[in-house]
Amino acid sequence: MNLRWIILGLTALIGAPLTAADWKPAPGPLLTKWGKELKPDGVWKEYPRPQLSRSQWQNLNGLWDYAITPKDAKKPEKWDGQILVPFCVESSLSGVGKTVGDEKALWYHRTFKPVAAKGTRTILNFGAVDWQATIYLNDKTFIHEGGFDPFSFDITEAIQGGGDQELVIRVWDPTEKGSQPVGKQLGNPHGIWYTPVTGIWQTVWLEQVPESYLTRVQSLADIDAGTVTLTFAGTGLKESDIVQVSVMDASKEVTKASGPVGKPLVIKIPDAKRWTPDKPVVYDVRAALVRDGKSLDQAGSYFTMRKISVGKDAKGVNRLMLNNEPVFQYGPLDQGWWPDGLYTPPSSEAMIYDLKVLKNLGMNMLRKHIKVEPATYYEACDRLGFLVWQDMPSCINRTKKHFIAPDAKTDAVFDAPEQALYLKELKAMIDHLSFFSCIVVWVPFNEGWGQHDTNDVLKWTTDYDKTRLVDGPSGWTDRGFGHMKDLHQYPGPGMFPVMSDRVSVLGEFGGLGLPIKDHLWKNSDNWGYQTFKTTEELRQNYHRLMVQLLPLIDRGLSAAVYTQTTDVEVEVNGLMTYDRAIIKVDEKETAKWHKRLFSGKAPIRTVLETSETKPQTWNYTLAKPGDDWMKPEFAAEGWKTGPGGFGTKMTPNTFVGTEWNTTNIWIRREFEIKDLPAGELFFRVHHDEDTEIFINGVSAASLKGFSVDYGLVPVGEAGRKALKTSKNVIAVSCKQTTGGQYIDVGLIELLEGK
């Protein structure tokens, strides 16, 4: 997809370029193809604020001077070299590749020539700077704290004449040694914790505006009434000022409206087209600030007609509803990290590539994990058709007890300044992103990472934005509040039981790993929650997870989030490699598997029940039987009869009908089928530990180790051929060595194309 629609035809006025002859990426483990092609004078040219876009702006991305000094040092007299903005100093694409830390400060320097016409004002905008930014422009000083939200300053009075203006920025970032939102950054990156990000990491730009101008717009769609409410804010306004709006569907104007600035403007949309992931209809907006019949300011914007809510399905089960209809949401945990740019994609084309791959894979949502993206990312989600769950970046001060364990009885303790800082940045994130209708869920807490005052925070978020849903803590320690109760289970999948007042969702599962040589951050010590050696192994096991989701969806699961879009640093559990060079799954095949998830009915047939919902009767023995014990004609004399499953109640996720606490067990059961299965066959099995399964005396599956829950295992070809109409015998042996123990087996068929 061409990103020209992102800038709505606007042209950037680029300032005089600094020399780029000597720039090159800093040495790093891995470059993307976009990073290899990057030129310093062509970095992130797109207009950065699609919420309210204007034609007059000046891009300040490019090469700046930089220096790293002791934390308390004054402005440097000499500079260490050049840094490519907007890439953080630790990244390869910055051209620096150095760590700063909490005892030092990072300084930036450049000059620019203002291009503002007479009677206009100049606004200096930053997409994001991590974390504390002090801006010096000539003799004026401006300060901002916050690593994930955009901020602006009116610098009109600081500009001196029409010549070069000196801009200096000091950044200090304590990373994990502070209590500010930090996400997954860590000074000593390892495992699921990544390289620190310090300084400017989104576009820096100047904007020329009139003395009176629009500053913000918020939309609220009412699909039931067929209306949208647009509320504009501005500065330098008079009471008589109005805003005139033209609403466009593609290139066709569908309606006009006008009203006072600052007051809700309710607009009836003729034959309103509802936004869905399959048909993401976007209405573009042209807005003008008008005084006494004269247009003072013009800006572009857009909105969609969509509604997110919780409601009952036909069975009375709580579901996530889109436009008053239950829609199962499936997509990846999306970290948004890059091997060469870290927080910052090498280009908008690279950023959109990830979304295009996910779209080709047939996904309809993503969970933006512990990070906030540039505004153009969310516009792309609006226009491409993604439902987004937006995480709040976690506050994790490693010098304090800001982690809590799963099922902890008490929350992390945040003092009053820490509580205020968290709430300030949570509010800033919501204020910034609430424009984008793709965002349907706020996720204030991930697992126990900085989870404090849980229900107070969740209730505040629910009250502050009543147009979206709020996830209970995603994973680990639930406190009973939030629209959703969110399970994390690896590899899973699983679900919480259906509830009368909340929705059951699976916020993380999967994490299947596959390291691919020459596309790794490190050649050793890589990991996934379950790691494979070949692409075929990975695809088979991913397919198995997709089939396992089907009965859960039928039972009441409303969403599932697979870990994850790409490999990240030493994590190798991505659907793509970290450099985005290889998609590990087959796109068409995987999209077909995903399509089944949205069918509304699980396309599976139970051939043989497990004991999950009702105990099933088996013959069993704890004494070693004869060698032909698995054959249909074997006479199980002396065997006992009892209900499954078999094991100890201490073993997780089990349904023990008969206690088994010895080393070995052998179980048998007869079952009848009228028609031989035509679709794929799977054993549904929970085993702890080594297990072999026979059908009519033929080995159909051999399993080593143990599982932590029920899962699917393909029935071997020999076992499938052994099935016959009328009576069959399934025979199972299980051997236990230590810890928990359990065995239960069923048989399901995937009904292809139904």
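Participant: Mind laying out the side chain of Asn446, listing which residues take part and the relevant values?
Facilitator: In this fold, Asn446 is placed in the loop between strand E26 (439-443) and helix H6 (454-464). Overall, the relative accessible area of 1% leaves Asn446 in the buried class. At 2.6 Å, the side chain of Asn446 and the side chain of Arg367 are in polar contact. In contact with Asn446, not counting residues within four places along its chain, are Arg367, His369, Ile370, Ser474, His488 and Glu508.

Participant: Account for unusual backbone geometry, with residues named and values stated.
Facilitator: Both trends apply: most residues other than glycine have a negative phi, and most peptide bonds are in trans. The omega torsion across Val85 and Pro86 is 20°, close enough to zero to call that bond cis. As for its position among the elements, Pro86 is in the loop between strand E3 (81-85) and strand E4 (104-112). With an omega of 15°, the peptide bond between Asp688 and Glu689 qualifies as cis. Structurally, the position occupied by Glu689 is in the loop between strand E39 (680-688) and strand E40 (690-695). With a phi close to 60°, Asp407 is a non-glycine residue in the positive phi region. Structurally, Asp407 can be placed in the loop between strand E25 (387-391) and helix H5 (416-433). Looking at Asp407, the relative accessible area reads 62%, which means it is exposed.

Participant: So what's going on with a negative patch on the surface? Which residues, and what values?
Facilitator: Taken together, Glu536, Glu537, Asp586 and Glu589 make up a surface patch of like negative charges. Mapped onto the fold, Asp586 is located in the loop between strand E32 (559-563) and helix H8 (587-597). By relative accessible area, Asp586 is classed as partly exposed at 31%.

Participant: Outline the sheet that holds strand E21 (residues 318-322), listing residues and values.
Facilitator: With antiparallel pairing, the three strands of this open sheet are ordered in space as E20-E21-E22. Of all the strands in the sheet, just strand E20 (308-312) and strand E22 (325-326) have a single pairing partner and so form its edges. By the bridge criterion, five bridges tie E20 to E21 in an arrangement that is antiparallel. When the sheet's bridge partners are listed, Gly311 is paired in E21 with Arg319.

Participant: Could you give an account of the pattern of salt bridges, with specific residues and numbers?
Facilitator: Tallied over the full model, the rule gives 32 salt bridges. Between Arg49 and Glu207 there is a salt bridge, with its nearest N and O atoms 2.6 Å apart. Remark: Glu207 occurs in strand E12 (residues 204-210) and Arg49 occurs in the loop between helix H2 (33-37) and strand E1 (57-59); sequence separation between them is 158 residues. The exposure classification of Arg49 matches that of Glu207, with both residues buried.

About the thresholds
- By convention here, each chain's residues receive numbers from 1 onward along its written sequence.
- Confidence filtering applies because this is a predicted model: local features only for residues at pLDDT of at least 70, side-chain atom pairs given and counted only at 80 or more, and all residues used for totals across whole chains, interfaces and linings.
- Excluded from the side-chain calculations are hydrogens and water; all other atoms, namely the structure's heavy atoms, are used.
- Helix and strand labels come from DSSP, where a helix needs a run of H or I of at least four residues and a strand needs a run of E of at least two; each type is numbered from the N terminus.
- Each residue's exposure class comes from its accessible area (1.4 Å probe, protein chains only) as a fraction of the maximum for that residue type: buried when under 20%, exposed when over 50%, partly exposed otherwise.
- Polar contact criterion, stated in full: a pair of N or O atoms within 3.5 Å, where within protein one must be able to donate a hydrogen and the other to accept it, and residues adjacent in sequence count only if both atoms are side-chain atoms.
- Two residues qualify as a contact provided that any one of their heavy atoms is within 4.5 Å of a heavy atom in the partner residue.
- Note on patches: the residues involved have over 30% relative accessible area and no salt bridge, like charges join within 9 Å, and the nonpolar side chains Val, Leu, Ile, Met, Phe, Trp and Tyr join within 5 Å.
- Here the Shrake-Rupley method, with its probe set to 1.4 Å, supplies the accessible areas, and only the displayed protein chains count as covering residues.
- Any Lys or Arg side-chain nitrogen found within 4 Å of a carboxyl oxygen on Asp or Glu counts as a salt bridge.
- In this count, Lys and Arg are taken as positive residues and Asp and Glu as negative ones, while His and the chain termini are left out.
- Charged groups are reduced to one reference atom each: NZ for lysine, CZ for arginine, CG for aspartic acid, CD for glutamic acid.
- Here the rule is simple: two strands pair whenever DSSP picks up at least two bridges between them.

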